[in-house]
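Listed below are the residues making up each chain.
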Amino acid sequence: MQKENQKTSHHDVMPSVANFVSDLWLEGDFKEQPLYLQEIFELLLDTEYGNDFDLRQKMFSCLRTSRNLAETLSPFTNKQIIKACSSVVKTT
């Protein structure tokens, strides 16, 4: 509850993003997650539940976001990403 009631500023954004990316990267091979999502969504789309336009839009949005993040970070090694995230968090 305390965190929710704290006032934040624009200076809090980058450390939060850096922590998110760092945590995300340590959970496994994130570069493969768009493929995993696509496989899951393709199987789901073949079901009765997948026959829902709103659900399909949400799935495609998730795929697009996941792909964009993976593509943005793909030129960098895991070590470079972790080092950059650490430096952003330390400078604030």
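What counts and how
- Residues numbered from 1 in each chain as written.
- Predicted model: local features only at pLDDT ≥ 70, side-chain atom pairs only at ≥ 80, totals over all residues.
- Heavy atoms only, no water.
- Helix = DSSP H or I, 4+ residues; strand = E, 2+ residues; numbered from the N terminus.
- Buried < 20%, exposed > 50% of the residue type's maximum accessible area, 1.4 Å probe, protein only.
- Contact = heavy atoms within 4.5 Å.
- Areas by Shrake-Rupley, 256 points an atom, 1.4 Å probe, with all protein chains shown as cover.
- Patch = residues over 30% accessible without salt bridge, like charges linked within 9 Å, V, L, I, M, F, W, Y side chains within 5 Å.
- Salt bridge = Lys/Arg side-chain N within 4 Å of Asp/Glu carboxyl O.
- Core = buried A, V, L, I, M, F, W, Y, C linked by side-chain atoms within 4.5 Å.
- 1 Å grid on protein atoms, 1.4 Å probe; cavity = no way out; pocket = protein on both sides within 12 Å on 5 of 7 lines; lining within 4 Å.
- Points joined across faces, edges and corners; volume = space filled by probe spheres on them.
- Nonpolar A, V, L, I, M, F, W, Y, C, P; charged D, E, K, R; others polar.

Draft legend 1. Structural context of the overall build of the chain. Of regular secondary structure, the chain possesses five helices and zero strands. Burial analysis of the chain (92 residues in total) assigns 18% to the buried set. Within the chain, contacts between residues separated by at least 24 positions form 73% of all contacts whose residues are at least 6 apart in sequence. Element-wise, carbon and sulfur atoms account for 56% of the exposed surface of the chain, whose accessible area totals about 7600 Å².

Draft legend 2. Inspection of a nonpolar patch on the surface at higher detail. Judged by side-chain polarity, Val13, Met14 and Val17 come together as a nonpolar surface patch covering roughly 260 Å² of accessible area. Following the sequence through the fold, Val13 ends up in helix H2 (residues 13-26).

Draft legend 3. Spotlight on the nonpolar core. Residues Ala18, Val21, Leu73, Ile81 and Cys85 constitute the largest nonpolar core, which totals five residues. Broken down by secondary-structure element, the contributors of at least two residues to this core are H2 and helix H5 (78-90). Beyond its immediate sequence surroundings of up to four residues, Ala18 is in contact with Cys85, Val88 and Val89.

Draft legend 4. Representation of the layout of surface pockets in the model. Within this model, the largest pocket holds a volume of roughly 180 Å³. Around the largest pocket sit Met14, Val17, Ala18, Val21, Leu73, Phe76, Gln80, Ile81, Ala84, Cys85 and Val88, which together line it. Contributions of two or more residues to the lining of the largest pocket are made by H2 and H5. With five residues, the single largest contributor to the lining of the largest pocket is H5. Class assignment of the residues belonging to the lining of the largest pocket gives a composition of ten nonpolar, one polar and no charged.

Draft legend 5. Fine view of the environment of Asp12. In this fold, Asp12 is placed in the loop between helix H1 (2-5) and H2. Spatially, the C-alpha atoms of Asp12 and Val89 are 9.6 Å apart, while their sequence positions differ by 77 residues.

Draft legend 6. Expanded view of the environment of Val89. Assignment of secondary structure puts Val89 in helix H5. A relative accessible area of 29% means that Val89 is categorised as partly exposed. For the pair Val89 and Val17, spaced 72 residues apart in sequence, the C-alpha to C-alpha distance is 9.2 Å. Dropping the residues within four chain positions of it, Val89 is found in contact with Pro15, Ala18 and Asn19.

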